[in-house]
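Residue strings, one per chain:
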Amino acid sequence: MFERIKILTLLQLGGKSRRRAHTKNQTIVNCLIKALIISAITVAIYMVLGLIKSTLSFPINKSVLTFLLFVSQYIGILTCTVSLSSVLYSSRDNAILLSYPAKPNEVFVSKLVVAYLGEFNKNLYFLFPVFFSFGLLNGCGVWYFISSIIMLLFMPIFPVFIGALLSIPLQYIKKLLNRFPIAYAILILLVVVALFWGVAAFVAIIPKPLRLLAMYNRFINGFLTFVASANQFGLFYNFMTNIMYSVNIGLNLLWLVLIVVGIMLLTNYVSMPLYFNLASRSNEHAVKSKTKKIKIQPARPTLLAFLTKEVKLTFRNINKVMNDYFLILMMPVVLYIMNVAFSAIVVSRLGQCMITGFNVLVGMVMVTACNTQSATAITVEGGEFVLLKTAPSKTSNMVWAKMLINVAISTFFIFASAIMMSVSQAVTIQHTWLIFLTIALANFSHILWSFQLDITNPRLRDYAESGKLDGNPNVNKSVRIGLLIGLVFGIFSIILLNENMTIGWVKIICIALALLIFRLLLFVKNLKVFFKRIEY
Amino acid sequence: MSKKVSLMLSIVVALFGIIFVSVYGKLPENLYPKIYMKELYFQDQYVDEVSKNGNKIIYFDVSQDNLSINLYNMVAYAPLDTTDITISFSVDKPEMATITRTGMLTIGEAQWRKFVVIEVTIKSMDGSELSDKVMIVNQNQKDNNHEIYDGDDWII
């Protein structure tokens, strides 16, 4: 049994690892590189925490460590639950793994082992350096460092096993929501309303006028009080730090072991028996197919036909909408909070220019990160793209249809952000709309640029084979370009507006317009040359 | 770079922006609207005794523990709804007691002699100042009041 679990685990790990080691020497080199990276992160965290402790008088103690630990682990439980619900029950490799001469329970255990190793790996890069730095800064003894390594081994058990347990109800909820998309939409709406309510409550506690330096002591006090009260919800993670800081080691260790055993038993008796049942059922029959009588319509212009198709593809799956546009959905919220904080500061003229600059920068970074849709627009057609191209019409129009959707959605959210900005009253109404215009123009340029990346270097075959966009170079390039555009416009805004407000705005809009015209001309030329050449 | 990194980066830049603007972009403080502090005092609930000279005294049992208290919690001031003030604490015997930036007063048992005087000062944006003092006295010295003095103002 163990041999089969080991083989299944290695099979899954082999598919995941990017740097494959074929020889013993390569393995040693890989391990050394990993150790070097972890050491570098440890040194960096130690220096940052040391600086915070010495210059800012920020407490680096057990209470803060417990807070960091349980917050990071709660996030880990959340991400593990979401990822395990797809890895365990709807992963593509299930079809292969379940057909091997192994029991479904062994597949289940192997998947948990893979998840455990993934979590352990993550912890090595974050929690290990944090533990080590806290120990050094607090002058802890040998026991602290030994126990922190033991805790590193313990820690991934919680998110993985709790995730495996929670993934079952999550899977049922997912299926239910797939069957009732309106309920899903209402749920998302409720989450958005709750988010805005939370934001409004948070914003209400920002004091006016906001003087961060004068309020520093009050902030630290508030933070420590918050940490102390939050640690009450740290549950078993309090046991871990107690063990590390030599507080009732025996009792805390006993509780910890009992909880681990309890979670494992629960997983064994609840999750494992249900695994095969859930994993062998697909979502194929989750939605009942409806037969509609379709009226035969007269032929529509190609652009309109492609546009209709794109609108349907974009909005037919709420999961996809959230995945594609989550960041831009957050944009009005982030900008609103930032601007409320700005409005609480009594600023000078330079401060006013800085506020405009930071609005442009943050707005552009967020909105351009969503243009990865354009950077993968052709790629996601996969194997079907060549079929589309054979249609007896001007198929290059599909590019404009795809682009139009991206432009429309992002412009709508830039508009929403501008409204939120004007509500916060950090910038004047005129400046708000000038910021909107600048971001909208630069965003359109970036969409053209991102689309051009995909036209000149489409990854149709990769996508057709894997169905994933992970590691797509166009995505990375598009996000980097967006960041660069945001930085340039943000810094230019501060400098130019500080020189002369009116002329500064004219210059900024002219630069954005010039960039747009330049990108448009380049895009049209590239489209003419490369679209015909795209092959599977 | 992924979308998640972008979101994180945006939040970090937004936080940085708030700090940057509040440090380098704020109006010079002499141009702030004037705010006059009306009162400042160590709260009665923390004060054990007021001497005949009107000095506030807090007794502390040194034999039980080292003294470590948060001074911020002990102070009340008005108006409360302003952040245009700077609060600072000082101690008359810095070799005996330490006060951190977060207002934590710490006196080790070994360092205890008789008493320390803590002074709190609030500076308003218009330059006006208010202050109050409290004397933290070793419980064992309670009956030896004649021995406790530190300057003319603090003879009990």
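These numbers come from a predicted model, not from an experiment.

**What about the sheet that holds strand S4 (residues 67–70) of chain B?**
Residue and element names in this part refer to chain B.
Inference 1: The 3 strands lie next to each other as S4-S8-S7, forming an open sheet whose pairing is antiparallel. Since the sheet does not close on itself, it has two edges, and those belong to S4 and strand S7 (98–99), each with one partner.
Inference 2: Pairing analysis gives 4 bridges linking S4 to strand S8 (residues 104–107), with the strands arranged antiparallel. Residue pairing for S8: Asn 70 is matched across the bridge by Met 104.

**Thoughts on the interface of chain B and chain A**
Inference 1: In this assembly, 30 residues from chain B lie in contact with 36 residues from chain A.
Inference 2: At the level of secondary structure, the elements contributing two or more residues to the side of chain B that touches chain A comprise helix H1 (3–24) and strand S6 (85–91) of chain B.
Inference 3: If you tally residues by element for the side of chain B that touches chain A, the top one is H1 of chain B, at 15 residues.
Inference 4: For the side of chain B that touches chain A, the class distribution of residues is 16 nonpolar, 10 polar and 4 charged.

**Some words on the packing of helix H14 (residues 318–343) of chain A against helix H18 (residues 397–424) of chain A**
Residues and elements named next belong to chain A.
Inference 1: In contact at an axis separation of 9 Å, H14 and H18 are set at 20° when each is read in the N-to-C sense. Between H14 and H18, the angle is such that the two are roughly parallel. Where H14 crosses over H18, the two elements pack in a sense that is right-handed. Here Tyr 325, Ile 328, Met 331, Pro 332, Leu 335, Tyr 336, Asn 339, Val 340 and Ser 343 of H14 lie close against H18, whose contacting residues are Ile 409, Ser 410, Phe 413, Ala 416, Ser 417, Met 420, Met 421 and Ser 424.
Inference 2: Split by residue class, the contact of H14 with H18 holds 12 nonpolar, 5 polar and no charged.

**Re helix H6 (residues 127–137) of chain A**
Residue and element names in this part refer to chain A.
Inference 1: Here H6 lies mainly inside the structure; 8 of its 11 residues are buried.
Inference 2: Considered for burial, the residues of H6 that qualify are Leu 127, Pro 129, Val 130, Phe 131, Phe 132, Ser 133, Phe 134 and Gly 135.
Inference 3: Elements in contact with the buried residues of H6: helix H2 (24–56), helix H3 (62–89), helix H5 (104–125) and helix H7 (142–154).
Inference 4: Positive phi shows up at Gly 139, right after H6, with a value of about 60°.

**Here's the deal with the confidence of the model for chain B**
Residue and element names in this part refer to chain B.
Inference 1: For chain B, per-residue confidence averages 73 on the pLDDT scale, and residues scoring 70 or more make up 67% of the total.
Inference 2: This stretch, residues 150–156, has a pLDDT under 50; its non-local contacts, to residues over four places away or in other chains, come to 13 contacts.
Inference 3: Two summary scores accompany this predicted model of the complex, namely pTM at 0.67 and ipTM at 0.71.

**Side note on the nonpolar core**
Inference 1: Ranked by size, the top nonpolar core spans 78 residues in total, and within it Met 338, Val 362, Met 364, Met 366, Val 367 and Ile 439 of chain A carry the most contacts.
Inference 2: No other element matches helix H19 (residues 429–456) of chain A, which puts 14 residues into this core.
Inference 3: Once residues lying within four places of it in the same chain are set aside, the contact partners of Met 338 of chain A are Val 362 of chain A together with Ala 14, Gly 17 and Ile 18 of chain B.
Inference 4: Judged by nonpolar contacts, the second largest core, of 38 residues, contains Phe 132, Met 151, Phe 158 and Val 160 of chain A.

**Some remarks on the packing of H5 of chain A against helix H8 (residues 157–179) of chain A**
All names here are of chain A.
Inference 1: Look at H5 against H8: their axes get within 9 Å of each other, and the N-to-C directions meet at 140°. Considering their axes alone, H5 and H8 lie oblique with respect to each other. Classified by chirality, the crossing of H8 by H5 is right-handed. Contacts from Leu 112, Ala 115, Tyr 116 and Glu 119 of H5 reach H8 at Ile 157, Pro 159, Val 160 and Ala 164.
Inference 2: The class makeup of the residues in the contact of H5 with H8 is 7 nonpolar, no polar and 1 charged.

Procedures and definitions
Residues numbered from 1 in each chain as written. Chains lettered and ligands numbered in written order. Predicted model: local features only at pLDDT ≥ 70, side-chain atom pairs only at ≥ 80, totals over all residues. Pairing = 2+ DSSP bridges. Helix = DSSP H or I, 4+ residues; strand = E, 2+ residues; numbered from the N terminus. Contact = placed C-beta atoms within 7 Å. Nonpolar A, V, L, I, M, F, W, Y, C, P; charged D, E, K, R; others polar. Axes fitted to C-alpha atoms, helices over the stretch in contact; angles between N-to-C directions. Parallel < 35°, antiparallel > 145°, perpendicular 65-115°, else oblique. Left-handed = near helix turned anticlockwise from the far one by under 90°. Buried ≥ 20, exposed ≤ 12 C-beta atoms within 10 Å, placed from the backbone. pLDDT = per-residue confidence, 0-100. Core = buried A, V, L, I, M, F, W, Y, C linked by C-beta atoms within 7 Å.

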